[in-house]
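Each chain is listed here by its residues.
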Amino acid sequence: AKSEWAGSAIFFNLANLYANSGNLEKAEANYRLALEKLPSFFMAQKNLAIVLSESSGKSEAFPEMKKALALSGGSDPDILLWMASHHMEGGDYSEALFCCNQALVYDYQNARARLVKARLLLKLNMLEECRSVCLSLLSKRNFDALETLTACRAKAGDYSEAVSAAEIARALGAEDSQTLKIGDLYFSAGLYSEAAKEYAANAGTGDLKKSLKNALLA
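I will try to describe carefully the structure that is included in this document.

What counts, and at which threshold
Residues numbered from 1 in each chain as written. Predicted model: local features only at pLDDT ≥ 70, side-chain atom pairs only at ≥ 80, totals over all residues. Heavy atoms only, no water. Core = buried A, V, L, I, M, F, W, Y, C linked by side-chain atoms within 4.5 Å. Buried < 20%, exposed > 50% of the residue type's maximum accessible area, 1.4 Å probe, protein only. Helix = DSSP H or I, 4+ residues; strand = E, 2+ residues; numbered from the N terminus. Contact = heavy atoms within 4.5 Å. Axes fitted to C-alpha atoms, helices over the stretch in contact; angles between N-to-C directions. Parallel < 35°, antiparallel > 145°, perpendicular 65-115°, else oblique. Left-handed = near helix turned anticlockwise from the far one by under 90°. Nonpolar A, V, L, I, M, F, W, Y, C, P; charged D, E, K, R; others polar. Phe/Tyr/Trp six-rings, centres within 6.5 Å; stacked < 30°, edge-to-face > 60°. Lys NZ or Arg CZ within 6 Å of the ring centre and 35° of its normal. Salt bridge = Lys/Arg side-chain N within 4 Å of Asp/Glu carboxyl O.

## Notes on the nonpolar core
Move 1: In this structure, Y31, M83, C100 and C130 are the most contacted members of the largest nonpolar core, which totals 49 residues.
Move 2: Ranked by residues supplied to this core, first place goes to helix α7 (residues 111-123) with seven residues.
Move 3: Excluding anything up to four places from it in sequence, C130 contacts A118, L121, L122, T148 and C152.
Move 4: Among the nonpolar cores identified, the runner-up in size contains nine residues, and A154, A162, A166 and L185 belong to it.

Structure (structure tokens):
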């Protein structure tokens, strides 16, 4: 790679080897050398941004990821989802939803993008659209979509549907019913005896014991 004739592909492949071996500092240096040779090298730019994200965090990687997105013509779903995640972590849910929708323009069947969209819609209180997206994912037995649907219907005050979604999620493999807060959902739906059973089965903490007492007194 030190030879004068070495082109961007050599530095790119060398950077990939360093990245695969966990040497992110040398991977970054060689991706940058590849880009010096060929500034329009999309995969070098994308991989550089990924390496920076892993080594320095998303804030440091963001400018490089924007360059990679521009080189892709704004059409790379993976980058768009990365951007959505970055904006989501920063609390900018509207911008995150925009990036997610752009990703779906280029890969409509991307289940991960649709799930991220559902979670963003939930954050933005767009509950019926969130419900619709979650239901569209259920045909793929998407457990995460059921959890999101549970939260969506509970937020909308539809505790009966929330309970149904939570119970289905548990039947499909949820090991801890408290992850889905089924007891709280039963309680909110007025099904106090069912709530008491859930709380009693998971009464290992002070908060659960308090909830159990409230359920039994209701």
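## A closer look at the packing of helix α5 (residues 77-89) against helix α6 (residues 93-106)
Move 1: One way to put it is that α5 packs onto α6 with a least axis distance of 8 Å and a crossing angle of 165°. When the axes of α5 and α6 are compared, the pair comes out roughly antiparallel. You can see that α5 and α6 cross each other, and the crossing is left-handed. Contacts between α5 and α6 involve P77, L80, L81, M83, A84, H87 and M88 from the former and Y93, E95, A96, C99, C100, Q102, A103 and Y106 from the latter.
Move 2: The residue inventory of the contact of α5 with α6, partitioned by class, reads twelve nonpolar, two polar and one charged.

## Here's the deal with the packing of aromatic side chains
Move 1: The full count for this structure, using the stated rule, is two aromatic pairs.
Move 2: When the ring of F12 is compared with that of Y31, the centres are 6.0 Å apart and the planes differ by 55°; the resulting orientation is tilted. Placement of F12 in helix α1 (residues 8-20) and of Y31 in helix α2 (residues 24-37) is noted, with a sequence separation of 19 residues between them.
Move 3: By the ring-pair criterion, three or more aromatic residues cluster together here, those being F12, Y31 and F41.
Move 4: Between the NZ or CZ atom of R114 and the centre of the ring of Y108, over which it lies, the distance is 5.8 Å.

## Quick notes on the pattern of salt bridges
Close approach of charged atoms allows side chains with opposite charge to pair.
Move 1: One pass over the structure, following the stated rule, counts twelve salt bridges.
Move 2: One salt bridge in this structure joins K117 and E129, with 3.8 Å as the shortest N-O distance. With a gap of twelve residues between them, K117 in helix α7 and E129 in helix α8 (residues 127-138) connect regions that are remote in the sequence.
Move 3: Owing to a relative accessible area of 16%, K117 belongs among the buried residues under this scheme.
Move 4: A salt bridge links E128 to R153, with the nearest nitrogen and oxygen atoms 2.9 Å apart. Residue E128 is located in helix α8, and its partner R153 is located in helix α9 (residues 143-155); the two are separated by 25 residues in the primary sequence.
Move 5: Relative accessible area serves as the criterion here: at 47%, E128 is assigned to the partly exposed category.

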